Amino acid sequence: MKVGDRHFRTIWLNEDGQSVDIIDQRWLPHDFRVATLASVDQTAVAIRDMWVRGAPLIGVTAAYGMALQTLADPSDEALDAAYELLHETRPTAINLRWALDTMRAHLKALPPEERRAAAYAKAAELADEDVELSRAIGRNGLEVIRRIAETKKPGEPVNILTHCNAGWLATVDYGTATAPIYLAAEAGIPVHVYVDETRPRNQGAYLTAWEMAGHGISHTLIVDNAGGHLMQHGEIDMVIVGTDRTTADGDVCNKIGTYLKALAARDNNVPFYVGLPSPTIDWTVRDGVREIPIEERPGEEVSSVWGRTEGGEIAQVRVSPDLTPARNPAFDVTPARLITGLITERGIAEASPEGIARLFPEKAGRSP
Ligand SMILES: CSC[C@H]1O[C@H](OP(=O)(O)O)[C@H](O)[C@@H]1O
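Here the structure is a predicted model, which is why all the values come from computation and not from measurement.

Notes on the UniProt feature "binding site: substrate" (unreviewed entry) in the chain
Within this structure's numbering, the places UniProt gives as "binding site: substrate" (unreviewed entry) are Arg53, Gly54, Ala55, Arg90, Gln203, Asn254 and Lys255. Within the secondary structure, glycine 54 is located in the loop between α1 (40-48) and α2 (55-72). Glycine 54 sits in the buried class, given a relative accessible area of 9%. Examined against the element boundaries, lysine 255 turns out to sit in strand β11 (residues 252-255).

What follows is the structure in structure tokens.
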């Protein structure tokens, strides 16, 4: 997407043809920095410490991590070790396991001497495929926004609330939840986006707001706890979020706080949509609350916050007493019953086994 007058993806092959460049999202919105990953170890750090984040982008980054491994040692044993190192970086987003499984199966089917070229080609293919999946989600989600726009007075915007960042920064390009928003803006449909700040990592305040500002999309930052109030007062027409793992029954795991947003939406009859590419569906699980592993991140992310000081320095400040312990579950699960529709690359599915199977008949029905 646009950054100033240049077009960027979130990840790309360095001009040396081996290392991988990423937008280091830890410094946004105050500084735009590119980092270069030259090894699988550096890739693991970048995923674990959220230099890159977002389920689809985590998957593609891990795919390039496997390609970087083939530079050092393309053997089966080395690929298995790289797989485990990358897989343990973040437990919730299923795209990580999907990308690693795809890469390992693809590479192990080849003789070691062919693996390096094949790994880079496959990683690039997964990156390009992610862009196309996001664009398709955008086209399908655009119809939802268009239908709501038809109920508004001329010039009145469709008011959309989103949580966390499921934007182009969470994917290779375009995003999942934001893809329909970008296409609606391009189609001239007035939209206004309410951006949940999304404590504690503030992906909304840091990343989604930066994306919206960068593309001239009307938006307002709100605290996480304001969404229900705005819905009660008729100020939200729809909610759209991303997901890190969706079950075969349509339960949606997403950033902590999503479940509470869905409850408020149901209580106020506000449609609640989830944008997702099919690699985010975990066909082997059905009950999200019971089966999806929820990442517990360091309590320090709750006890302190990053920002820019008056003097322009990017710094971390503590927001709670030094001795106060903090818990930090990074995700929660929204049951399918609270979801209006799953906006996928193949169309909009009802959040149910039958609804998902209608769009993905070749995948549904897999045994756990
Ligand atoms: C399109 S996936 C975006 C998804 O990823 C975020 O989690 P994190 O920033 O911790 O990787 C969040 O759950 C978003 O909805």
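The rest of the description comes next.
Here's the deal with the sheet that holds strand β4 (residues 20-23)
The strand order across the open sheet formed by three strands is β3-β4-β5, and the pairing between neighbours is antiparallel. With partners counted over all chains shown, the strands left at the sheet margins are β3 (11-13) and β5 (34-37), one partner each. The mean angle between the axes of side-by-side strands here comes to 25°, regardless of whether they run parallel or antiparallel. Of the strand pairs in this sheet, β4 and β5 are connected by four bridges, and their pairing is antiparallel. By the bridge assignment, isoleucine 22 is partnered in β5 with alanine 35.

Observations regarding the site of the ligand
Neighbouring the ligand are 18 residues, the closest being Gly54, Arg90, Asp244, Asn254 and Lys255. Arginine 90 places a polar side-chain atom, nitrogen or oxygen, 2.7 Å from an oxygen atom of the ligand. Among the secondary structure elements, those contributing two or more residues to the shell around the ligand are α2 and β11. Taken domain by domain, the makeup of the shell around the ligand includes at least three residues from each of domain 1 (2-129) and domain 2 (138-364).

Brief notes about unusual backbone geometry
Of note, the amide linkage connecting leucine 28 to proline 29 takes the cis form, showing an omega dihedral of 5°. Here proline 29 is to be found in the loop between β4 and β5. Cis geometry marks the peptide bond from arginine 199 to proline 200; its omega dihedral reads 0°. Along the chain, proline 200 turns up in the loop between β7 (191-196) and α7 (203-214). In this structure, threonine 198 is a non-glycine residue whose phi angle is positive, near 70°. When its relative accessible area of 0% is taken as the criterion, threonine 198 is described as buried.

Rules behind the numbers
Residues numbered from 1 in each chain as written. Predicted model: local features only at pLDDT ≥ 70, side-chain atom pairs only at ≥ 80, totals over all residues. Heavy atoms only, no water. UniProt positions renumbered as here; feature names shortened; annotations may be inferred. Helix = DSSP H or I, 4+ residues; strand = E, 2+ residues; numbered from the N terminus. Buried < 20%, exposed > 50% of the residue type's maximum accessible area, 1.4 Å probe, protein only. Pairing = 2+ DSSP bridges. Axes fitted to C-alpha atoms, helices over the stretch in contact; angles between N-to-C directions. Near = heavy atom within 4 Å. Polar contact = N/O pair within 3.5 Å; in protein donor to acceptor, adjacent residues only side chain to side chain. Domains from an automatic or database assignment.

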